[in-house]
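Spelled out from the first residue to the last, the chains are:
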Amino acid sequence: MDRRRFVLDASASLAFGLLLPGRALAAPRADLPAGAVASAVLDALPGKQPLIKRTFRPPNYETPVEFFRHAHTPADAFYVRWHAGVPDLALADWRLRVDGPAAGTPREYGVADLRRRFERHEVTAVNQCSGNRRGLFHPHVPGVQWGYGAMGNATWSGVRLKDVLEHTGIAPGAVEVAADGGDVPFLTGPDFVKSLPLWKAIDPDTLVALEMNGEPLPRWNGFPARLVVPGWTATYWVKALTTISLLDRPFDGFWMKTAYRVPRGLFGESGFASQDTDKNSPITSIRVNSLVVDPAPGAAIPVGRRTELFGIAWDGGSGIRHIEVSTDDGASWQPAALDRDLGRYAWRQWRFAMRPDRAGEYPIAVRARAADGSTQAEALVHNPAGYHHNVVQRIRYVAS
Ligand SMILES: Nc1nc2c(c(=O)[nH]1)N[C@H]1C(S)=C(S)[C@@H](COP(=O)(O)O)O[C@H]1N2
Ligand SMILES: [Mo]
């Protein structure tokens, strides 16, 4: 990794910030806590459109909700989340090393090797940070104060992790697969390394992805290769991959053992038994959720005319079964129309027509149900790290 390039990029972005001072968001979202709105600043990282800056070092930038009108979130508007410095890996010397106590002879693959040796596979999937919407938790929990935009939906393509692991050799005693990226370490803080249970690592939809939406991954999103772990929160989607290790025992690094945990049983079984303790479990599957994209909360809508609400809904891979909208604060609910199915790991776009018959406020609520029967939370399920915020969204339109 080239440290100088990182410094240049960082200062270029700083200079850009000076030339184009961060703008406060024009229309505060009525359903964000006041503090979160006041601090929302748009800023463009090199190669990205202006995104909502949460922190600069490390870069944590969320996607403005307006971009979720697209079925596939454009790469240059896709959110960015790092725990340390962003590497700038050169394709020519990049190698993915596969090793570990439960692997055959260690091997290394360049991008061309991966493409030549293994079948291409693609999956459309939501990438959502575990802490998406953490900024909406009351009481406050520490961590990046995300609003609604620490997520996106893209078509990811590359090769199956399973094929790569099998090519190196999976020993009978393999328990977990650990993935490390080329992150440029900060002076303090543990290296970002994550592990998966073997069953999820060899799921045919778990990828070593080289592309998103048909283009090479942006550096901010993991160039040249990242894990794509459909249905699981994005903490497992290790970017700028350098090493994958087959382990014969549970991985005990900080980002598995200490971080990214939820109280045991609070959100059901983790599916990651080798990492469960009596007290807690690693966060794993995305919870069913939905979001109103258009019109924006607080928008003025016309009396006596049709307004189409547009939004998205998603879960951890069972697929969205049903979406209901209330325009009277939850007194009655009507089904929304679902758009085309983009696959069980993708989000589902939906539409709902309303025609206000009087002037005044319309309290809107939206709730999704997944094919596995799960529904969104009516009230916040508090947990120490502020994960899995999937409370039924309540907003307001004003008809006149
Ligand atoms: N190498 C590396 N990969 C990483 C991270 C990181 O800090 N370093 N953060 C993870 C977390 S917590 C999230 S939410 C996603 C964000 O993916 P994105 O930046 O492409 O949106 O990357 C994951 N992969
Ligand atoms: Mo995350």
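A brief look at the structure comes next. (Residues numbered from 1 in each chain as written. Chains lettered and ligands numbered in written order. Predicted model: local features only at pLDDT ≥ 70, side-chain atom pairs only at ≥ 80, totals over all residues. Heavy atoms only, no water.)

Looking only at helices and strands, the protein chain has six helices and 26 strands in total. If you line up the protein chain on its principal axes, its C-alpha atoms span 70 × 50 × 40 Å. Here the protein chain, with 400 residues, has 56% of them falling under the buried criterion. Pairs at least 24 residues apart make up 70% of the contacts formed inside the protein chain by residues separated by at least 6 positions. Put simply, the protein chain shows about 16700 Å² of open surface, and 54% of that area lies on carbon and sulfur atoms. (Helix = DSSP H or I, 4+ residues; strand = E, 2+ residues; numbered from the N terminus. Buried < 20%, exposed > 50% of the residue type's maximum accessible area, 1.4 Å probe, protein only. Contact = heavy atoms within 4.5 Å. Areas by Shrake-Rupley, 256 points an atom, 1.4 Å probe, with all protein chains shown as cover.)

What follows covers the pattern of salt bridges. Scanning all chains against the criterion turns up 21 salt bridges. Between Arg120 and Glu122 there is a salt bridge, with its nearest N and O atoms 3.5 Å apart. Across the pair Asp248 and Arg249 runs a salt bridge whose closest N-O atoms are separated by 3.5 Å. Using a relative accessible area of 35% as the deciding quantity, one classes Asp248 as partly exposed. A relative accessible area of 58% means that Arg249 is categorised as exposed. One network of salt bridges, in which partners are shared, links Arg115, Arg120, Glu122 and Glu211. (Salt bridge = Lys/Arg side-chain N within 4 Å of Asp/Glu carboxyl O.)

Locating Glu211 in the fold gives a position in strand β12 (residues 207-212). Taking relative accessible area as the criterion, Glu211 reaches 14% and is therefore assigned buried. A polar side-chain atom of Glu211 sits 3.4 Å from a polar atom in the side chain of Arg115. A distance of 2.9 Å separates the side chain of Glu211 from the side chain of Ser157, its partner in a polar contact. (Polar contact = N/O pair within 3.5 Å; in protein donor to acceptor, adjacent residues only side chain to side chain.)

With that settled, consider the site of ligand 1. Close to ligand 1 lie 20 residues, the nearest being Tyr79, His83, Asp183, Arg226 and Lys239. For ligand 1, the accessible surface in isolation is 530 Å², of which the surrounding protein chains cover 100%. Across the shell around ligand 1, the residue classes break down as 11 nonpolar, five polar and four charged. (Near = heavy atom within 4 Å. Nonpolar A, V, L, I, M, F, W, Y, C, P; charged D, E, K, R; others polar.)

On to the sheet that holds strand β23 (residues 337-338). Pairing is antiparallel across the open sheet formed by four strands, whose spatial order is β18-β20-β24-β23. One side of each edge strand has no neighbouring strand; the edge strands of this open sheet are β18 (289-294) and β23. (Pairing = 2+ DSSP bridges.)

With that settled, consider the packing of aromatic side chains. On inspection of all chains with the given rule, the structure shows 14 aromatic pairs. Aromatic side chains Phe78 and Tyr79 sit 5.7 Å apart centroid to centroid with 25° between the ring planes, which places their arrangement in the stacked category. Its relative accessible area of 0% is what places Phe78 among the buried residues. Ring geometry for Trp199 versus Trp232: centroids 5.9 Å apart, planes at 80°, classification edge-to-face. You can see Trp199 sitting in helix α5 (residues 198-201) and its partner Trp232 sitting in the loop between β14 (226-228) and β15 (241-247), a full 33 residues away along the chain. Among the aromatic residues, those joined into a cluster by ring pairs are Phe78, Tyr79, Trp146, Trp156 and Trp237. Across the ring face of Trp220, the terminal group of Arg219 is positioned such that the distance to the ring centre comes to 5.0 Å. Positioned above the aromatic ring of Tyr362 is the side chain of Arg358, whose terminal nitrogen or guanidinium carbon lies 4.2 Å from the ring centre. (Phe/Tyr/Trp six-rings, centres within 6.5 Å; stacked < 30°, edge-to-face > 60°. Lys NZ or Arg CZ within 6 Å of the ring centre and 35° of its normal.)

Of all eight residues making up strand β20 (residues 307-314), seven are buried, and the element is well covered by its neighbours. Taken together, the five bridges between β18 and β20 define a ladder with antiparallel strand orientation. Following the sheet pairing, Ser290 is matched in β20 by Ala313. Two strands pair when backbone bridges link them, and β20 and strand β24 (residues 348-354) are joined in this way by seven bridges, in the antiparallel orientation. Among the inter-strand pairings, Phe310 is bridged to a residue of β24, identified as Arg351.

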